Amino acid sequence: MIIVAIILSVSVTIVGLSLSDYNFDEKNSDVKTIVKADVIMPIKVSRPGCDIEDICYIPSSIVTEKGKSITWVNEDSSFHTVTSGFYGEPTGLFDSGYLDPYQSYTLSFDKSGTYDYFCTLHPWMKAQIIVE
Ligand SMILES: [Cu+2]
């Protein structure tokens, strides 16, 4: 009986050790590069509908100051763009090109004004930046 008890406690100790090793590895794999987003493209905006609640870009209107930068992060699984102007009427001021999922795009504005932008792939996606 005593021998069985010793064997049992030894194996519990071994299991305990390997569990703590596993937790340690898992914590390490959670480390990711984090980009601070001012505006995100949320999931599922590649289908119409986000325009109803004006949530194709969040927030759909953001106020900033001259010289400060705005960073967009594409949190969807589809490509999106940040392109100045309106769909069919780009102004040519800026264009991110196709942003991959989790890719970011940063711009800074030197002149005050209201800058409308849209996604070249999804006509319903539009928003604006107000530079004061
Ligand atoms: Cu899009």
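The rules behind each value
- Residues numbered from 1 in each chain as written.
- Predicted model: local features only at pLDDT ≥ 70, side-chain atom pairs only at ≥ 80, totals over all residues.
- Helix = DSSP H or I, 4+ residues; strand = E, 2+ residues; numbered from the N terminus.
- Buried ≥ 20, exposed ≤ 12 C-beta atoms within 10 Å, placed from the backbone.
- Contact = placed C-beta atoms within 7 Å.
- Pairing = 2+ DSSP bridges.
- Axes fitted to C-alpha atoms, helices over the stretch in contact; angles between N-to-C directions.

Chemist: Would you take a moment to explain the overall build of the chain for this structure?
Modeler: Per the secondary structure count, the chain includes one helix and eight strands. Counted from the first residue to the last, the chain has its helices and strands arranged as α-β-β-β-β-β-β-β-β. For the chain, buried positions account for 18% of its 132 residues. Summarising the internal contacts of the chain: among those between residues at least 6 apart in sequence, 63% fall at separations of at least 24.

Chemist: Looking at this model, I keep getting lost on the sheet that holds strand 1 (residues 39–41). Mind explaining?
Modeler: Each strand in a sheet pairs with its neighbour through backbone hydrogen bonds, running either in the same direction (parallel) or in the opposite one (antiparallel). Overall, mixed pairing links the three strands, which are arranged 1-3-6 in an open sheet. One side of each edge strand has no neighbouring strand; the edge strands of this open sheet are strand 1 and strand 6 (104–108). Along the sheet, successive strands turn relative to each other by an average axial angle of 20°, direction set aside. With five bridges joining them, strand 3 (residues 69–74) and strand 6 adopt antiparallel strand pairing. Within strand 6, the position partnered with Ile-70 by the bridge is Leu-107.

Chemist: I keep staring at the sheet that holds strand 8 (residues 126–131) and nothing clicks. Help me out?
Modeler: The sheet built from five strands is open, its strands ordered 2-8-7-4-5 with mixed pairing. Each edge of the open sheet is held by one strand with a lone partner, namely strand 2 (61–64) and strand 5 (89–95). Taking each pair of neighbouring strands and ignoring which way they run, the sheet shows an average axis angle of 35°. Pairing analysis gives three bridges linking strand 4 (residues 83–86) to strand 5, with the strands arranged antiparallel.

Chemist: So what exactly am I meant to see when it comes to the pairing of strand 8 here?
Modeler: In the case of a regular strand, side chains alternate between the two sheet surfaces. Examined bridge by bridge, strand 2 and strand 8 share four bridges and lie parallel to one another. Its bridge partner being in strand 8, Ser-61 is matched across the sheet by Gln-128. As defined by bridge partners, strand 7 (residues 113–118) adjoins strand 8 across six bridges and the pair is classed as antiparallel. Opposite Tyr-117, over in strand 8, you have Ala-127 as the bridge partner.

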